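Below are the chains, spelled out letter by letter.
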Number of protein chains: 2
Amino acid sequence: MAVDLEKANNMRRVAFLLVAVLGLSGSAARIASASGEAAGKPASISSASPIYGVTIPPGYRDWQLIAVNHLQIGKLDQLRAQLGNEKAYKAFKEGKASFPDGAIIAALHWTRVPSEENDKALAVEFPGAQSFVIGPGVNIQIMVKDSKKYAASGGWGFGDFRDGKPGDEALTKTCFPCHQSATHDFVFAHYAPAP
Amino acid sequence: MAVDLEKANNMRRVAFLLVAVLGLSGSAARIASASGEAAGKPASISSASPIYGVTIPPGYRDWQLIAVNHLQIGKLDQLRAQLGNEKAYKAFKEGKASFPDGAIIAALHWTRVPSEENDKALAVEFPGAQSFVIGPGVNIQIMVKDSKKYAASGGWGFGDFRDGKPGDEALTKTCFPCHQSATHDFVFAHYAPAP
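Residues numbered from 1 in each chain as written. Chains lettered and ligands numbered in written order. Predicted model: local features only at pLDDT ≥ 70, side-chain atom pairs only at ≥ 80, totals over all residues. Heavy atoms only, no water.

1. With respect to the interface of chain A and chain B
Then, in step 1: Across the contact, 54 residues belong to chain A and 55 residues belong to chain B.
Then, in step 2: Here chain A and chain B share an interface that buries about 4300 Å² over both sides, 60% of which is from carbon and sulfur atoms.
Then, in step 3: Three residues, Arg61, Glu117 and Pro195 of chain A, lead the burial of chain A against chain B; their summed loss comes to 18% of the area buried on that side.
Then, in step 4: Our count for the chain A to chain B interface comes out at 2 salt bridges.
Then, in step 5: A salt bridge links Asp62 of chain A to Lys93 of chain B; the shortest N-O distance between them is 2.6 Å.
Then, in step 6: In this assembly, chain A and chain B are joined by 26 residue pairs in polar contact (both at pLDDT 80 or more).
Then, in step 7: Looking at the side of chain A that touches chain B, its residues break down into 34 nonpolar, 14 polar and 6 charged.
Then, in step 8: In this sheet, strand E4 (residues 131-145) of chain B lies alongside strand E1 (residues 64-73) of chain A in antiparallel orientation, the contact comprising 3 bridges. From the neighbouring strand, Asn69 of chain A faces E4 of chain B, where its bridge partner is Val133 of chain B. (Contact = heavy atoms within 4.5 Å. Buried area = accessible area lost by both parts, 1.4 Å probe. Salt bridge = Lys/Arg side-chain N within 4 Å of Asp/Glu carboxyl O. Polar contact = N/O pair within 3.5 Å; in protein donor to acceptor, adjacent residues only side chain to side chain. Nonpolar A, V, L, I, M, F, W, Y, C, P; charged D, E, K, R; others polar. Pairing = 2+ DSSP bridges. Helix = DSSP H or I, 4+ residues; strand = E, 2+ residues; numbered from the N terminus.)

2. Examining the relation of the copies chain A and chain B
Then, in step 1: Of the transformation superimposing chain A on chain B, the axial component is 0.0 Å and the angular component is 180°, with the fit at an RMSD of 0.0 Å. Interpreted geometrically, this transformation is the action of a two-fold axis. When each C-alpha of chain A is compared by its distance to the rotation axis, Gln64 of chain A comes out closest, at 2.6 Å.
Then, in step 2: Comparing interface residues between copies, 100% of those in chain A also lie at the interface in chain B; the contact surface is shared. (Least-squares fit on C-alpha atoms with pLDDT ≥ 70 in both.)

3. Examining unusual backbone geometry
Then, in step 1: Residues other than glycine seldom take positive phi values, yet Ile51 of chain A does so here, at roughly 70°.
Then, in step 2: For Ile51 of chain A, the location among the structural elements is in the loop between helix H2 (26-38) and E1.
Then, in step 3: Phi at Asp185 of chain B takes a positive value of approximately 55°, unusual for a residue other than glycine.
Then, in step 4: In this fold, Asp185 of chain B is placed in the segment after helix H6 (175-179).

4. Some details on helix H3 (residues 86-93) of chain B
One full turn of an α-helix is made of 3.6 residues, so residues set three or four places apart face in the same direction.
All names here are of chain B.
Then, in step 1: Looking at H3, one finds that the buried residues are Ala88, Tyr89, Ala91 and Phe92. Down the axis of H3, the buried set is contained in an arc of 165°. They therefore lie on one face.
Then, in step 2: If you follow the buried residues of H3, they end up packed against strand E1 (64-73), strand E2 (76-84) and strand E3 (104-114).
Then, in step 3: After H3 finishes, the residue Gly95 shows a positive phi value of roughly 70°. (Buried < 20%, exposed > 50% of the residue type's maximum accessible area, 1.4 Å probe, protein only. Arc of directions from axis to C-beta.)

5. As for the nonpolar core
Then, in step 1: By size, the foremost hydrophobic cluster in this structure holds 72 residues, and its most contacted members are Val68 of chain A together with Val68 of chain B.
Then, in step 2: Once residues lying within four places of it in the same chain are set aside, the contact partners of Val68 of chain A are Arg80, Ala81 and Gln82 of chain A together with Val68, Leu79, Ala81, Trp110, Val133 and Ile134 of chain B. (Core = buried A, V, L, I, M, F, W, Y, C linked by side-chain atoms within 4.5 Å.)

6. A look at the pattern of salt bridges
Then, in step 1: What the rule picks out here adds up to 12 salt bridges over all chains.
Then, in step 2: The shortest N-O distance in the salt bridge between Arg112 of chain A and Asp77 of chain A comes to 2.9 Å. On the criterion of sequence distance, the pair formed by Arg112 of chain A in strand E3 (residues 104-114) and Asp77 of chain A in strand E2 (residues 76-84) is long-range, its members being 35 residues apart.
Then, in step 3: Using a relative accessible area of 13% as the deciding quantity, one classes Arg112 of chain A as buried.
Then, in step 4: On the basis of relative accessible area, Asp77 of chain A is assigned to the buried category, the value being 14%.
Then, in step 5: In this structure, Glu94 of chain B engages Lys90 of chain B in a salt bridge whose closest nitrogen and oxygen atoms are separated by 3.3 Å.
Then, in step 6: For Glu94 of chain B, a relative accessible area of 42% corresponds to the partly exposed category.

Put into structure tokens, the structure is as follows:
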């Protein structure tokens, strides 16, 4: 039993690292969830992230686009978009060195999948999988700027949500150490200029 | 001289196909431009697309996000985002089978490049190129819905712009035949639901 618990804890640790640092993987999330259940812990019913108390901002899907990116590590393969509320978007667009209090950034992560519809249109000249679109949603990561409330973490509060539920404390603890290496006020995303 | 002209015309034909059907390549664009010059044609000074008279809509970069995708064909490698004006975004979000007059969709295409900054953050656990972000802009494609004005092309007017300049008639002619195979009112993009 002790061995099982240790094993479960190790699995959780690996899963958190994958989910938090890398962004990703539904499979890592499932491992974390399964091992949480194995350890006999009840599912969290709070809608706020541990440590920071960050929640999913209403209407965030309608926010403006900061940038898009693609993450591919072995079987982990995601298309991602970062959206910003008005304060965040304005700061990005104007190239501000840091973000004002109240700025919120939402990172939307989906599994990347081939598009049969698009490939069919291309197939006349180029057969095979060429066009990739978003598949199942993986998670949403939220960053909220409040230089006083979150002074200990560069002025940012963090939350990582799957199916609307926040990750636990061990996961949430990994957010800030990773974002410390970002060059733009702890934010990895850079504004995508109009082509 | 006749042979040179024929050669130039063939190059243009190949370039148009690549640019229009595939969405892309800066190199294909440069071929098209170079061969146009070779044929002694002056650069177009119109800001409107041939055939349809579509222009780049002011403020389109601030529009809401419909979806993101990735196109990779040999050396062509692009991250893409589709944005919609209010009418287009609403129709997408509400799952309408077709789009109302006045709906405009802007497809933004950038070359996909590795992110040194992001890879550095990941390198502790996963060395190598894992994170890809947008690089140089390639082109913008605009679709405008006007069921009367564009009745002959499914109700849509098209424009393909590089560096703010519309592609020529031969390029623009390829838009509608390709979009005829799209399953959603001649539109390839599908709304990306919140993860």
